[in-house]
Amino acid sequence: MTTDRATGGRKMVRIWLGDHLIAEYVAEPDRASRYQRVMTPKFTGLRITVDNAATGKASELPSEQLWPLTVQ
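Calculation criteria
Residues numbered from 1 in each chain as written. Predicted model: local features only at pLDDT ≥ 70, side-chain atom pairs only at ≥ 80, totals over all residues. Heavy atoms only, no water. Helix = DSSP H or I, 4+ residues; strand = E, 2+ residues; numbered from the N terminus. Contact = heavy atoms within 4.5 Å. Pairing = 2+ DSSP bridges.

Just checking my understanding: could you explain the environment of L21 for this structure?
Looking at where L21 falls in the secondary structure, it is placed in strand β2 (residues 20-27). Through-space distance from the C-alpha of L21 to that of I48 is 9.8 Å; in sequence the pair is 27 residues apart. Setting aside residues no more than four positions away along its own chain, L21 makes contact with R14, I15 and W16.

Teacher, can you tell me more about the sheet that holds β2 here?
Strands in a sheet are paired, the pairing made by backbone hydrogen bonds, and the direction either parallel or antiparallel. On the basis of which strands lie adjacent, the open sheet formed by four strands has the order β3-β1-β2-β4 and mixed pairing. Since the sheet does not close on itself, it has two edges, and those belong to β3 (47-52) and β4 (59-60), each with one partner. Here strand β1 (residues 11-17) pairs with β3 via six bridges, running antiparallel. Residue pairing in the sheet places M12 in a bridge with D51 of β3.

Such coordinate-based values are descriptive only and should not be taken to indicate function.
Laid out in structure tokens, this is it:
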């Protein structure tokens, strides 16, 4: 397995409304994948992508305990 030295192997999680970016987070690969898997059914119709993290100003992915509060 290889990791990107610049990002430490972290992933960028983005939530899209059409072509408009509405949320952007960074997380470890396993948390990013889990977040995508949990949130996809809750955000029906929105695209959630997980890509290699680029250096930027994205927020840290919230604690998993807060994920159910994302969508009521």
